[in-house]
Amino acid sequence: MSNSNRQRQRRAERTREFLNELSQRYPGCFARQRDRIRPLEIGIEKALRSDLDDPPADEPIPNWLIRQALARYTRAPAYLNAIIAGHDRINLQGEPVEAVTESAISRAREQRAEQKQRSAERKRQQAEEAEARQRQEKLDQLANRFNQ
């Protein structure tokens, strides 16, 4: 696994690129517009793996990349909102295959609430840091005036 920041950045960039490829190859399944995102069928990773391996590519796509791309896609706020809205799950072709369960909806609500809480905490910390910087700048300006 990657440990350094640079390695993590490269993996994240590769995952974003792969998601772009998936949205081009499977436009009915991997939507770019938030209002078109639908929950994916359970076990879509296997269907995706077999479809990507047929015909065999010169360079096979690593399993970690598929898993990471699916994780990134399914943790997005728009995806969780699609589950909460109760949209049907879709296959690679974008066809409805099954309904979203109540347990999946409640789990998505919990995840979305956690995301909102983390976002609010980040904003609060950023505001505190900005306030501390402004306070320090004012103190520095006062110190400069008295030291002249």
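Located above this text is the structure these notes cover.
Predicted model, so just to flag it, every value in this text is computed and none were measured. Position labels on residues start from 1 in each chain and follow its written sequence. In keeping with the model being predicted, local features are shown solely for residues with a pLDDT of at least 70 and side-chain atom pairs are shown and tallied solely at 80 or more, while totals for entire chains, interfaces and linings include all residues. Side-chain calculation: all heavy atoms of the structure are included, whereas hydrogens and water are not.

Enquirer: When you look at the side chain of Asn-91 in this model, what are you seeing that I'm missing?
Expert: Mapped onto the fold, Asn-91 is located in the loop between strand S1 (89-90) and strand S2 (96-98). The class of Asn-91 is buried, set by a relative accessible area of 10%. The term polar contact refers here to a pair of N or O atoms within 3.5 Å; inside protein, the definition further demands a hydrogen-donor-capable atom paired with an acceptor-capable atom, and it admits residues adjacent in sequence only when both atoms are side-chain atoms. A distance of 3.0 Å separates a polar atom in the side chain of Asn-91 from the backbone nitrogen of Gln-93. By definition, residues are in contact when any of their heavy atoms lie within 4.5 Å. Not counting residues up to four positions away in its chain, the partners in contact with Asn-91 are Cys-29, Glu-41, Ile-44 and Val-97. For helices the rule is a DSSP run of H or I covering at least 4 residues; for strands it is a run of E covering at least 2, with both sets numbered from the N terminus onward. Burial classification: accessible surface area is computed with a 1.4 Å probe over protein chains only, and a residue below 20% of its type maximum counts as buried, one above 50% as exposed, and the rest as partly exposed.

Enquirer: Sorry, what's going on with the packing of aromatic side chains here?
Expert: Any two aromatic rings considered together are summarised by their centre-to-centre distance and by the angle between their planes. Pairing of aromatic side chains requires ring centres within 6.5 Å, counting the rings of Phe and Tyr and the six-membered ring of Trp. Pairs whose planes differ by under 30 degrees are stacked, by over 60 edge-to-face, and all others tilted. Evaluation of the coordinates by the stated rule reveals three aromatic pairs. Three or more aromatic residues joined by ring pairs make a cluster, and in this case those are Tyr-26, Phe-30, Tyr-73 and Tyr-79. Its guanidinium or amino end placed over the ring of Trp-64, Arg-11 lies 3.8 Å from that ring's centre, counting from NZ or CZ. Charge over a ring is defined by NZ of Lys or CZ of Arg lying within 6 Å of the ring centre and within 35 degrees of the ring normal.

Enquirer: Even after reading the chapter, I still don't get the environment of Ala-76, so can you show me in this structure?
Expert: Relative to the helices and strands, Ala-76 resides in the loop between helix H3 (63-74) and helix H4 (77-84). Sequence separation between Ala-76 and Ile-90 is 14 residues; the distance between their C-alpha atoms is 17 Å.

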